[in-house]
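Fold and geometry: a report
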Amino acid sequence: MAASGGTKAILAALGANAGIAVAKFVGFLITGSSSMLAESVHSVADTSNQGLLLLGQKTSQRKATREHPFGYGRDRYFYSFIVALMLFTLGSAFALYEGIHKVQHPEELSSPMVAVVILVLAICLETYSFRTAIVESRKVKGDKSWWAFIRQSKTPELPVVLLEDAGALLGLVFALTGVGLSVLTGDPVWDGIGTIMIGVLLGVIAIILIIEMKSLLIGEGSGETELATIVGELTVGDIDRVIHIRTQYIGPDELLVAAKLAMRPGLPLADVARAIDQAESRVRAKVPAARLIYLEPDLDRTVPDDVVPQR
């Protein structure tokens, strides 16, 4: 569901951003507005970003090889990280440069109403894309807050599209405000200020995404609730306790679980194997993403407190 929902949100954003980019460039050529130019570049970057997200989904489906025995699931994290970098460089850096230039050297806008009409239409299209991302994200968000979903989601595409669309909507409002104030006051410096605000906004969003995607790319483990579920399913029957456990997402839909288990003393080898197999089945039933499970049976060598030697 997460993968299909992410693809739907990406395609909605791709279509909206491609159309918006063309309209904004036309508006910039007519009006000369720096806010329109910054928003045009922003939309081109967003359109390219959706293509990268789709590419990541495609390449992550490659079969595992001897060189990459755990597959290519992290490709989705890699391309999402590239998207964050592009949003920072092509979006934020360019907007800040253009905005500062227009503040220092303001230029009168021509046909500002054209820019206003295009920006209003762009807001409508971007709202559709943002709504699609919200609807698809709610299917996997659960009871988490939106901020917690962005921070904790192991599926990178939905948080990326959510933040991109939110940033695009606010950026359009800033651009519309800059153009509007330039018309009302007769001072084109407001257009440059609106562009700077767009650059700052994109920079903040890009930094958040860079931090989150870097964390996923390095490797994140299960959250507290999921980890507690796994441990609970392992400690049943002939398994006394989990001595230690390590988990890591090697892809959005693939979790690696490695644990050392304290078995009941005196258990025959056949019963040990049966207990391990049953533990794996229980974990996979409760946590479907746990596709790779490595369990090591051991004896509990913990020394009781009443027999610890006194110094």
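These numbers were taken from a predicted model, which means no experiment stands behind them.

Remarks on the overall build of the protein
On a plain count of helices and strands, the protein comes out with nine helices and three strands. Compactness check: the protein gives a C-alpha radius of gyration of 26 Å against a globular reference of 19 Å for 311 residues, more than 25% above the reference. The principal-axis extent of the C-alpha atoms belonging to the protein is close to 90 × 50 × 35 Å. Relative to its full complement of 311 residues, the protein shows a buried share of 47%. Taking as baseline every contact in the protein between residues at least 6 positions apart, the subset at least 24 positions apart corresponds to 74%. Of the accessible surface of the protein, which amounts to about 15400 Å², a share of 64% is contributed by carbon and sulfur atoms.

Some details on the environment of Thr-177
Among the structural elements, Thr-177 can be located in helix 6 (residues 157-185). Look at Thr-177 and you get partly exposed, because its relative accessible area is 40%. Sequence spacing of Thr-177 and Ser-215 is 38 residues, and the spatial spacing of their C-alpha atoms is 36 Å.

Some words on the packing of aromatic side chains
According to the stated counting rule, one finds two aromatic pairs in the structure shown. Centre to centre, the rings of Phe-78 and Tyr-79 are 5.2 Å apart; their planes meet at 75°, and the pair counts as edge-to-face. Ring geometry for Trp-146 versus Phe-149: centroids 6.2 Å apart, planes at 85°, classification edge-to-face. Of this pair, Trp-146 and Phe-149 both sit in helix 5 (residues 146-152), three residues apart, which is roughly one turn of that helix. Judged by relative accessible area, Trp-146 falls into the partly exposed class, the value being 31%. The ring centre of Tyr-72 lies 3.8 Å from the NZ or CZ of Arg-62, which sits over that ring. When the ring centre of Trp-146 is taken as origin, the NZ or CZ atom of Lys-141, which lies over that ring, is 4.9 Å away.

A closer look at the environment of Ala-9
Locating Ala-9 in the fold gives a position in helix 1 (residues 2-31). Taking relative accessible area as the criterion, Ala-9 reaches 0% and is therefore assigned buried. Here the alpha-carbon distance between Ala-9 and Ala-133, two residues 124 residues apart in the chain, equals 4.9 Å. Apart from the residues within four sequence positions on either side, Ala-9 is in contact with Thr-132, Ala-133, Glu-136, Leu-158 and Val-161.

The rules we used
Here the residue numbering is sequential within each chain, running from 1 through the sequence in written order. Per-residue local features are limited, in this predicted model, to residues with pLDDT of at least 70; the limit for side-chain atom pairs, both in listing and counting, is 80 or more; totals at the level of whole chains, interfaces and linings are taken over all residues. Where side-chain values are given, they derive from all heavy atoms of the structure, hydrogens and water being excluded. Strands are runs of DSSP state E lasting at least 2 residues, helices are runs of H or I lasting at least 4, and numbering of each runs from the N terminus. Our radius of gyration is a C-alpha quantity, and the globule rule it is checked against amounts to 2.2 Å times the number of residues to the power 0.38. Categorising residues by exposure relies on relative accessible area from a 1.4 Å probe, with only protein chains included: less than 20% of the type maximum marks a residue as buried, more than 50% marks it as exposed, and the intermediate range marks it as partly exposed. Here a residue-residue contact requires only that any non-hydrogen atoms of the pair lie within 4.5 Å. Accessible surface area values rest on a Shrake-Rupley calculation with a 1.4 Å probe, where residue burial reflects the displayed protein chains alone. Any pair of Phe, Tyr and Trp rings, taking the six-membered ring for Trp, is counted once the centres come within 6.5 Å. Such a pair is stacked with planes under 30 degrees apart, edge-to-face with planes over 60 apart, and tilted for the rest. The rule is short: NZ of Lys or CZ of Arg within 6 Å of the ring centre and within 35 degrees of the ring normal puts a charge over the ring.

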